[in-house]
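Below are the chains, spelled out letter by letter.
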Amino acid sequence: MYRDVSSCNTYNYGDACYWDSRYLQEGGSFDWYQRYSALRPFVRKYIPPSSRVLMVGCGNAVMSEDMVKDGYEDITNVDISSVAIDMMRRKYECFPQLKYMEMDVRDMSFFTDESFDGVIDKGTLDSLMCGADARISAAQMLAEVCRLLKPGGTYMLITYGDPKGRMPHLSRPVYNWKVTLYNIPRPGFQKPESCSSSRKSHLDPIPLTENGTLPADLVLEDPDSHFIYICTKIDDVDTYPLTAHVLQG
Ligand SMILES: C[S@@+](CC[C@H](N)C(=O)[O-])C[C@H]1O[C@@H](n2cnc3c(N)ncnc32)[C@H](O)[C@@H]1O
């Protein structure tokens, strides 16, 4: 259910060839980090079923199928791996709600500005941040995500990355995103009896400090938990493309 991508040096997660060979070898389906059942409360709260949704770096995950079964009607899935996209297109040819397209998330110029109500990313920014030119790739991807979101739309990032590693990328003023943070334990995690977590429910957001870090007194019950960043696009952004602005900053 989850694999550790924090060991970036072991594999080249930013490389299309790596993913192609992996999908050729493994076949089947696999959801990184979390299944839709665990993410459902967050997805339903921030991205209603009537939304036009973009799933970036869909891989061979079942997440989009589960969302369709839960009432979502329009999910466009993109991935850099032609192997994954071919497999998924064949698998879901009877699902008119699901579209699959081979695409690099750093250049999604196929889509016009403000085309989507919601963008979901489970492990794809993480992969780019493990690849070559991580900072530039992350900026290119996030600028494209911002461009594609309608004003008021939501970018939902599901990641192992804590705010120290992710907020410097997400909080750039040029995106104009309001960021709300959640944290959920790994699937199957058993809370030790001795654990004194300071949190009441996973459905409560975690307040971020002014510097965009976790509060010093926060105790996470699972040290290998996953973070969910809800990035809401406050307003229309004046100028596209944003990548140049981001890379200058
Ligand atoms: C960690 S996997 C996550 C797959 C899926 N989202 C899930 O939750 O199981 C990362 C995915 O990102 C894709 N990917 C990596 N770099 C990409 C890029 N530049 N553009 C599009 N997809 C990319 C990989 O092919 C892979 O399918």
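Quick summary incoming for the structure in this document. Along each chain, residue indices are assigned from 1 in the same order as the chain's sequence is written. Under the rules for a predicted model, residues below a pLDDT of 70 receive no local features and side-chain atom pairs below 80 are neither given nor counted, while totals for whole chains, interfaces and linings still include all residues.

Looking now at the overall build of the protein. The number of helices and strands found in the protein is eight helices and seven strands. We call two residues in contact if the C-beta atoms placed from their backbones are at most 7 Å apart. Put simply, 77% of the contacts in the protein that link residues at least 6 apart link residues at least 24 apart. Strands here mean DSSP runs of E at least two residues long; helices mean DSSP runs of H or I at least four residues long; both are numbered from the N terminus.

This brings us to the packing of helix H1 (residues 16-26) against helix H4 (residues 82-91). Axis angles are defined between N-to-C directions and span 0 to 180 degrees, where every axis is a line fitted to C-alpha atoms and, for a helix, only to the segment in contact. Close contact between H1 and H4 brings their axes to 7 Å; oriented N to C, the two are set at 40°. If you check the angle between H1 and H4, you find them oblique. Two secondary-structure elements touch here, H1 through Trp 19, Asp 20, Tyr 23 and Leu 24 and H4 through Ser 82, Val 83, Ala 84 and Met 87. Gly counts as polar in this scheme, as do all residues outside two lists: the nonpolar Ala, Val, Leu, Ile, Met, Phe, Trp, Tyr, Cys and Pro, and the charged Asp, Glu, Lys and Arg. When grouped by side-chain class, the residues that make up the contact of H1 with H4 number six nonpolar, one polar and one charged. Angular relationships are summarised with four words: roughly parallel below 35 degrees, roughly antiparallel beyond 145, roughly perpendicular across 65 to 115, and oblique for the angles in between.

All right, on to the sheet that holds strand S3 (residues 98-102) then. Sheet architecture is open: seven strands sit in the order S3-S2-S1-S4-S5-S7-S6, paired in mixed fashion. With partners counted over all chains shown, the strands left at the sheet margins are S3 and strand S6 (177-184), one partner each. With direction set aside, neighbouring strand axes in the sheet form an average angle of 20°. Strand pairing follows a simple DSSP-based rule, namely that at least 2 bridges must link the two strands. Summarising the sheet, strand S2 (residues 75-79) and S3 pair through five bridges and their orientation is parallel. Bridge pairing links Asn 77 to Tyr 100 in S3. Contacts from helix H2 (residues 36-46) reach strand S5 (149-159), S6 and strand S7 (226-233), with the element oriented near 165° to S5.

Its place among the elements puts Pro 223 in the loop between S6 and S7. Assessed through the 9 C-beta atoms surrounding it within 10 Å, Pro 223 is described here as exposed. Separated by 37 residues in the primary sequence, Pro 223 and Arg 186 have C-alpha atoms spaced 9.3 Å apart. Note on burial: count the other C-beta atoms lying within 10 Å of the residue's C-beta; 20 or more is buried, 12 or fewer is exposed, in between is partly exposed, and C-beta positions come from the backbone.

Our next topic: the nonpolar core. Here a nonpolar core is just a set of buried residues of the types Ala, Val, Leu, Ile, Met, Phe, Trp, Tyr and Cys, joined wherever their C-beta atoms sit within 7 Å. Counting residues in hydrophobic clusters, the biggest one holds 61 residues, and the most contacted among them are Val 53, Val 119, Leu 142, Val 145, Met 156 and Ile 228. When residues of this core are assigned to their parent elements, the largest contribution, eight residues, is made by helix H6 (residues 134-148). Each residue touching Leu 142, except ones within four places of it in the same chain, is listed here: His 169 and Tyr 175.

Note on definitions: a residue is near a molecule or strand provided its C-beta atom, placed from the backbone, lies within 6 Å of it. Near the ligand lie 22 residues; those nearest to it are Trp 19, Gly 57, Gly 59, Lys 122 and Gly 123. Among the elements that make up the shell around the ligand, the one with the highest residue count is helix H5 (residues 124-130) (three residues). Classifying every residue of the shell around the ligand gives ten nonpolar, seven polar and five charged.

Here Glu 221 lies in the loop between S6 and S7. Linking Glu 221 and Gln 190, residues 31 residues apart in sequence, is a C-alpha distance of 9.3 Å.

It is worth spelling out H2 at this point. Among all positions of H2, only Leu 39, Phe 42, Val 43 and Tyr 46 are buried. Considered in projection along H2, the buried side chains sweep an arc of 100° and stay on one side of the axis. Turning to H2, the residues buried within the fold contact helix H3 (63-69), S5, S6 and S7. Directions drawn from the helix axis to the C-beta atoms are what define this arc.

Summarising burial for S2: five of the five residues are buried, a large majority. Side chains of S2 alternate between two faces, with Ile 75, Asn 77 and Asp 79 and Thr 76 and Val 78 buried alike. When the strands point away from the viewer and the path from the first strand over the helix to the second turns clockwise, the crossover is right-handed. At this point the chain moves from strand S1 (residues 53-56), through H3, to the parallel S2, and the crossover so formed is right-handed. With H4 bridging S2 and the parallel S3, this β-α-β connection has right-handed handedness.

The next subject is the environment of Asp 224. By secondary structure assignment, the location of Asp 224 is in the loop between S6 and S7. Placed 39 residues apart in sequence, Asp 224 and Pro 185 show a C-alpha to C-alpha distance of 7.2 Å.

Taking every second residue as pointing to the same face, both faces of S1 are buried, with Val 53 and Met 55 on one and Leu 54 and Val 56 on the other. Across four bridges, the pairing between S1 and S2 is parallel. Paired with Met 55 across the strands is Asn 77, a residue of S2. As judged from the four bridges shared by S1 and strand S4 (residues 116-122), these two strands associate in the parallel manner. Counted as the bridge partner of Val 56 is Asp 121 from S4.

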